[in-house]
Amino acid sequence: MRQMPLDAPSGSAVDLTPNEPPKKPQYDPTFTDKVIAATGPNAHLRIAQVMPSLIRHLHDFAREVNLTMGEWMAAIDLINECGQMSDDKRNETQLLCDIVGLESLVDEITSKMLATSTSETPSAILGPFYRQDAPLLPNGDTIVRNLSPSVPWYQKAVEDSAFLTGRVVSGRSGLPIPGAVVDVWHTAPNGLYEQQDEGQPEMNMRGQFETDADGRYSLYALRPVAYPIPDDGPAGRLLAMLDRSPYRPGHIHFIVSAPGFRTLTTQVFDDRDEYIAKDSVFAVKDELVVRFKPRDGDPQARWTLEYDFVLGP
Ligand code: MBD
Ligand code: FE
């Protein structure tokens with residue numbers, strides 16, 4: 001962009017740099033419209049609605065930064081590498097979107113479009129480590145499997161042992177919802193999800209719990225720890241080039257569902273965590289920051305977290 005001379009009168013339409021010839025647009029000004037106009041009359045409706053905007057933003061971006069062939073090819077290589085290293089245990093393309101805030105933004109847009117009241121528990125992104133079919137466990141059971149003193153992080157797991165309980169309630173009526181399913185997962189104290197870590201048993205730190213007649217769920221789990229998102233791939237390289245930390249604040253993931261209610265995907269964040277204000281994937285919301293309280297007289301847990309989920313219709 002051309003800088004205005006500092007002494008230019010504001011609002012002046014006169015070009016005050018007489019020694020330069022009037023500038024022509026740097027790039028073909030008809031090009032983007034031509035690409036958009038190539039859309040055919042039978043285009044898919046939503047695609048025809050979103051693609052012109054995507055094309056315009058992409059072209060404007062390329063012009064704004066004067067993107068070169070070499071830089072564009074480097075980006076292509078990076079995206080290809082994301083795809084090549086993704087499988088059912090790792091989704092690098094999703095991670096790439098996460099570190100530029102795109103998954104959190106789309107989550108905000110989606111939940112605001114669907115929400116009917118502000119009393120509903122805010123959503124947070126699913127993230128790449130969800131697994132379907134976590135075992136359905138009775139209330140009061142633990143999602144910490146095969147914990148013994150031979151596990152390297154045994155001591156930390158004892159120190160962070162926590163009882164999680166709360167109700168699932170209807171945002172509209174305020175009444176508890178019996179038979180709601182609370183699907184929960186978090187990392188081990190070494191900061192790894194079970195599928196990232198050969199040392200953990202299958203489905204460790206994962207479970208589903210059905211609320212009782214009072215709409216209450218309860219389980220044993222751990223206070224979550226801060227951990228770096230996988231940074232050995234393209235997303236990690238980009239973070240390094242941006243001089244950013246790969247850390248996420250300790251969090252517990254939940255998907256809460258009940259017939260007749262909108263399924264809630266969210267996370268809660270432990271307020272002890274130093275990374276609360278610098279989540280590498282920008283998922284923290286004030287209402288999702290929780291405080292664990294000391295728990296007395298329970299050999300299975302040193303901490304309690306009480307948290308209610310409020311579902312929208
Ligand atoms: C995670 O554990 C996560 O929850 C998200 C959203 C992104 C990367 C890693
Ligand atoms: Fe996570």
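Just above sits the structure.
Nothing here was measured: the structure is a model prediction, and the numbers come from that model.

**Q** What exactly am I supposed to notice about the overall build of the protein here?
**A** A count of helical and extended segments in the protein gives seven helices and 13 strands. Its C-alpha atoms give the protein a radius of gyration of 25 Å, more than 25% over the compact-globule value 20 Å for 313 residues. Taken along the three principal axes of its C-alpha coordinates, the protein extends 85 × 45 × 45 Å. For the protein, the residues scored as buried account for 39% of the 313 residues in total. Long-range pairs, those at least 24 residues apart, make up 70% of the contacts in the protein with a sequence separation of at least 6. Distance from the positive charge centre (29 side chains) to the negative charge centre (44 side chains) of the protein: 3 Å.

**Q** What's the story with the sheet that holds strand β10 (residues 289–290) in this structure? I'm lost.
**A** Pairing in this open sheet of six strands is mixed, and the strands run β1-β4-β3-β8-β9-β10 from one edge to the other. Whereas interior strands pair on both sides, the edge strands pair on one side only; in this sheet they are β1 (136–137) and β10. Pairing analysis gives two bridges linking strand β9 (residues 264–270) to β10, with the strands arranged parallel. Residue pairing for β10: Phe269 is matched across the bridge by Val289.

**Q** Hey, could you run me through the site of ligand 1 in this one?
**A** Within the structure, ligand 1 sits among 14 residues, and Tyr193, Tyr227, Arg248, His251 and His253 are positioned closest to it. Within the side chain of Tyr193, a nitrogen or oxygen atom sits 3.2 Å from an oxygen atom of ligand 1. One of the side-chain N or O atoms of His253 is found 2.8 Å from an oxygen atom in ligand 1. The fraction of the free accessible surface of ligand 1 (260 Å²) that becomes covered by protein chains is 100%. More than half of the atoms belonging to ligand 1 lie within 2 Å of the grid points that define the largest cavity. Those elements giving two or more residues to the shell around ligand 1 turn out to be α4 (92–99) and β8 (251–257). A class-by-class count of the residues in the shell around ligand 1 yields eight nonpolar, four polar and two charged.

What counts, and at which threshold
Residues numbered from 1 in each chain as written. Chains lettered and ligands numbered in written order. Predicted model: local features only at pLDDT ≥ 70, side-chain atom pairs only at ≥ 80, totals over all residues. Heavy atoms only, no water. Helix = DSSP H or I, 4+ residues; strand = E, 2+ residues; numbered from the N terminus. Rg over C-alpha atoms; globule rule 2.2 N^0.38 Å. Buried < 20%, exposed > 50% of the residue type's maximum accessible area, 1.4 Å probe, protein only. Contact = heavy atoms within 4.5 Å. Lys, Arg positive; Asp, Glu negative; His and termini not counted. Charge placed at Lys NZ, Arg CZ, Asp CG, Glu CD. Pairing = 2+ DSSP bridges. Near = heavy atom within 4 Å. Polar contact = N/O pair within 3.5 Å; in protein donor to acceptor, adjacent residues only side chain to side chain. Areas by Shrake-Rupley, 256 points an atom, 1.4 Å probe, with all protein chains shown as cover. 1 Å grid on protein atoms, 1.4 Å probe; cavity = no way out; pocket = protein on both sides within 12 Å on 5 of 7 lines; lining within 4 Å. Sits in = over half its atoms within 2 Å of the grid points. Nonpolar A, V, L, I, M, F, W, Y, C, P; charged D, E, K, R; others polar.

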